[in-house]
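Architecture at a glance
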Amino acid sequence: MSDPLSSATGIADAVRAGDVSAAETVAIALGRVEDGGAGLNAFLEVFAEQAIDQARAVDTRIAGGDADRMPLAGVPIAVKDNIALAWGRTTAGSRYLEHYRSPFTATAAQRLVDAGAVVVGKTNMDEFGMGSSGEHSAFGPTRHPLDPERAPGGSSSGSAAAVGAGMVPLALGSDTGGSIRQPAALCGCVGLKPTYGRVSRYGLVAYASSLDQIGPLASSVRDAAACLAVMSGEDARDMTSSAHPVVDLIGGLETPVEKLRVGVPKLHGGMHSDVSRAMTDAALALKTAGAEIVDVEMPFVDEAVSAYYIVAPAEASSNLARYDGVRYGHRADVGLGGSIEEMYVRSRSEGFGPEVKRRVMLGAHVLSAGYQDAFYLTALKTRRLIRAGFDAAFDPAGPGVHAILTPVTPGPAFRLGEKTGDPMAMYLEDVFTVTANLAGLPAISLPVGWSKTDAQGREAKLPIGAQLIGRPFDEATLVRVARMLEMQVGWGG
Ligand code: GLN
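A brief report on the enclosed structure follows.

Points about unusual backbone geometry
Along the chain, Gly-154 connects to Ser-155 via a cis peptide bond; the corresponding omega equals 10°. A positive phi is found at Ala-92, a non-glycine position, where the angle reads about 55°. Relative to the assigned elements, Ala-92 resides in the loop between strand S2 (76–80) and helix H4 (107–114). For Phe-473, which is not glycine, the phi torsion reads 60° and is therefore positive. As for its placement among the helices and strands, Phe-473 is situated in the loop between strand S11 (463–470) and helix H15 (475–489).

Some points on the sheet that holds strand S4 (residues 170–175)
Within the open sheet, the 11 strands sit side by side as S1-S3-S2-S4-S6-S5-S10-S11-S9-S7-S8. Their pairing is mixed. In the strand order of this sheet, the two ends are held by strand S1 (43–46) and strand S8 (292–296), each with one partner. Looking at each pair of strands side by side, their axes are set apart by 30° on average, direction ignored. Where S2 and strand S3 (residues 118–123) come together, five bridges link them in parallel fashion. The partner of Pro-76 across the bridge, within S3, is Val-118.

As for the pattern of salt bridges
Evaluated as defined, the whole model comprises 26 salt bridges. Arg-56 is the salt-bridge partner of Asp-53, the closest N and O atoms lying 3.9 Å from each other. Of this pair, Asp-53 and Arg-56 are both found in helix H3 (residues 48–63), three residues apart, which corresponds to roughly one turn of the helix. Across the salt bridge formed by Glu-292 and Arg-261, the nearest N and O atoms sit 2.9 Å from each other. Of this pair, Glu-292 sits in strand S8 while Arg-261 is found in strand S7 (residues 261–265), placing the two residues 31 residues apart along the sequence.

Side note on the environment of Val-246
Tracing the backbone through its elements, the reader meets Val-246 in the loop between helix H7 (221–231) and S7. Judged by its relative accessible area of 41%, Val-246 is partly exposed. Here the alpha-carbon distance between Val-246 and Ala-229, two residues 17 residues apart in the chain, equals 7.3 Å. Setting aside residues up to four positions removed in sequence, Val-246 forms contacts with Arg-198, Ala-229, Ser-232 and Gly-233.

Remarks on the site of the ligand
Taken together, 15 residues form the shell around the ligand, and within it Thr-176, Gly-177, Ser-179, Tyr-207 and Tyr-308 come nearest. For the ligand, an oxygen atom lies 2.6 Å from a polar atom in the side chain of Ser-179. Relative to its unbound accessible area of 290 Å², the ligand is 99% covered by the protein chains. Considering only residue class, the shell around the ligand consists of four nonpolar, eight polar and three charged.

Considerations on the environment of Val-15
One can find Val-15 in helix H1 (residues 8–16). Excluding anything up to four places from it in sequence, Val-15 contacts Val-20, Ser-21, Ala-22, Thr-25, Asp-59, Ile-62, Ala-73 and Gly-74.

Quick word on the packing of H4 against H7
With their axes 8 Å apart at the nearest point, H4 and H7 run at an angle of 110° to one another. Of the possible angle classes, the one that applies to H4 and H7 is roughly perpendicular. Contact residues: Ala-108, Arg-111 and Leu-112 in H4; Cys-227, Val-230 and Met-231 in H7. Grouping the constituent residues of the contact of H4 with H7 by class yields five nonpolar, no polar and one charged.

Focus: the nonpolar core
Leu-112, Val-120, Leu-405, Ile-444, Leu-468 and Leu-485 are the most contacted members of the largest nonpolar core, which has 95 residues in total. In this structure Leu-468 touches Leu-286, Ala-403, Ile-404, Leu-405, Pro-442, Ala-443, Ile-444, Leu-446, Leu-478, Val-481, Ala-482 and Leu-485, once residues within four positions along its chain are discounted. Counting 57 residues, the second largest nonpolar core, distinct from the first, contains Ala-314, Ala-316, Val-356 and Leu-441.

Quick look at a nonpolar patch on the surface
A contiguous nonpolar patch, built from Val-326, Ile-340, Tyr-344 and Val-345 and spanning about 350 Å² of accessible area, is present on the exposed surface. The topology assignment puts Ile-340 in helix H10 (residues 340–351).

Quick word on the packing of aromatic side chains
The tally for this structure, following the rule as stated, stands at 13 aromatic pairs. With a centroid separation of 5.1 Å and 45° between ring planes, the pair formed by Phe-128 and Tyr-323 is classed as tilted. Of this pair, Phe-128 sits in the loop between S3 and helix H5 (157–164) while Tyr-323 sits in the loop between helix H9 (301–319) and H10, placing them 195 residues apart in sequence. The residues Phe-128 and Tyr-323 share a single accessibility class, namely buried. Between the aromatic rings of Tyr-323 and Tyr-328, the centroid separation amounts to 5.7 Å while the plane-to-plane angle is 55°, which identifies the pairing as tilted. In textbook terms, an aromatic cluster arises when at least three aromatic residues are bridged by ring pairs, as seen for Tyr-96, Tyr-100, Phe-128, Tyr-323, Tyr-328 and Phe-352.

Focus: the pairing of strand S9 (residues 403–407)
By the criterion of burial, S9 is predominantly enclosed, with five of the five residues buried. As judged from the two bridges shared by S7 and S9, these two strands associate in the parallel manner. Opposite Gly-263, over in S9, you have Ile-404 as the bridge partner. Bridge analysis of S9 against S11 gives five bridges, and the strand direction is antiparallel. Directly across from Ala-403, in S11, lies its bridge partner Gly-470.

Things to note about the side chain of Glu-355
With respect to the helices and strands, Glu-355 occurs in helix H11 (residues 354–367). In this structure the side chain of Glu-355 is engaged in a polar contact, spanning 3.0 Å, whose partner is the side chain of Arg-358. Here the side chain of Glu-355 touches Arg-359 through a polar contact of 2.7 Å, side chain to side chain. Residue contacts for Glu-355: discarding those within four places in its chain leaves Met-130, His-136 and Tyr-427.

Conventions and cut-offs
Residues numbered from 1 in each chain as written. Predicted model: local features only at pLDDT ≥ 70, side-chain atom pairs only at ≥ 80, totals over all residues. Heavy atoms only, no water. Helix = DSSP H or I, 4+ residues; strand = E, 2+ residues; numbered from the N terminus. Pairing = 2+ DSSP bridges. Axes fitted to C-alpha atoms, helices over the stretch in contact; angles between N-to-C directions. Salt bridge = Lys/Arg side-chain N within 4 Å of Asp/Glu carboxyl O. Buried < 20%, exposed > 50% of the residue type's maximum accessible area, 1.4 Å probe, protein only. Contact = heavy atoms within 4.5 Å. Near = heavy atom within 4 Å. Polar contact = N/O pair within 3.5 Å; in protein donor to acceptor, adjacent residues only side chain to side chain. Areas by Shrake-Rupley, 256 points an atom, 1.4 Å probe, with all protein chains shown as cover. Nonpolar A, V, L, I, M, F, W, Y, C, P; charged D, E, K, R; others polar. Parallel < 35°, antiparallel > 145°, perpendicular 65-115°, else oblique. Core = buried A, V, L, I, M, F, W, Y, C linked by side-chain atoms within 4.5 Å. Patch = residues over 30% accessible without salt bridge, like charges linked within 9 Å, V, L, I, M, F, W, Y side chains within 5 Å. Phe/Tyr/Trp six-rings, centres within 6.5 Å; stacked < 30°, edge-to-face > 60°.

Structure below.
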């Protein structure tokens, strides 16, 4: 390994074999976080001493013969700050939770720690996961690792920047409408959103509970798959976690999928020419690797963003009702004469940022009497039709595709401030990602090329990602297809 942090699975193999220690490896990551972290604003909190102690404990476990139980031994990881740890703070990027300390650790994070991973810090994010640029954090925007004037995408902005900058080889994000895949694509990383229910949401600060999933951002398909394999599986603490058997995602990773059929929808307009060129190249690369390319429909691609921006705010308005100044986080000081109503209103007014307020109002509106049928129920119908459309494409009696290839984003990384004044422009960033969440399907984004120009036509060499959407609970096939594409385009280890 030339770069000691380039591969999570590479680190784990070396640590388990005793070639390097977890403590040294974690110290390298901490050094990089210290050097590069501040400029990018990728981290909200760094666990310097604690991480070294935890790494030493991993080394002790290895010495004690526990290596087989630690597929991620000594891997320094970063965790999005809406995923609870029983140490440090869990702010979800919100002023409201600025000082909040969770009494427990999220199941997904605990499983990684049990597997030998060491959390070096918590990453910056759009407040409560609401945003596509990282600019809606209460703690300042995250910057793009390749161009500090640009946004890394969001909402898992810090996780993408940290992996993209090589500070850590692996990070956790959460994806409600693209928040793993979109920043991963903009920063040149791999991002994997599992099937809904594949990974426990216990300990994830709820945004839209029927859409939220935790997943990895990594520098290769293999590392993302290794991380998902560890996190997957039923959890008694999350009733929506699935009992679907957890399969080995690594063993057959490089076995090409036989008679592979990849659906490629015709998408009219709405994307940068460098993105459409990269998609044509990606389809060709898969064909060269032996895939049959099949025409499919991307079901209701035009309606999906509208449906998403009804369903997600509706659920958010309900989920965020718990922030009342009593149970968690910020409480406004209304003095002795203040009423309880005043305390509720002022706590929320002071604690929530403008985008969160917009979502809560939007959500309350689409659920209100007289509007529910027109908005919320119509969005739910659209959601069902989207899933039916995917099921039809996957149906062996029909096109029978194993995966569907689409762009991740309409364009490469945009500049800070470019979309903050126009919420619709920001929402349209999610046009290709939200369908997988609405349908509950697994989807992976991986880097496949570079832009020549940005959206304004200025010269800009920035990563471009491709998305593969897979069959429900068939992440094993999805990562194999992604690995075929990754090998073909020559990106990743
Ligand atoms: N950008 C989308 C939103 O703001 C998706 C965010 C996410 O996946 N958490 O809702």
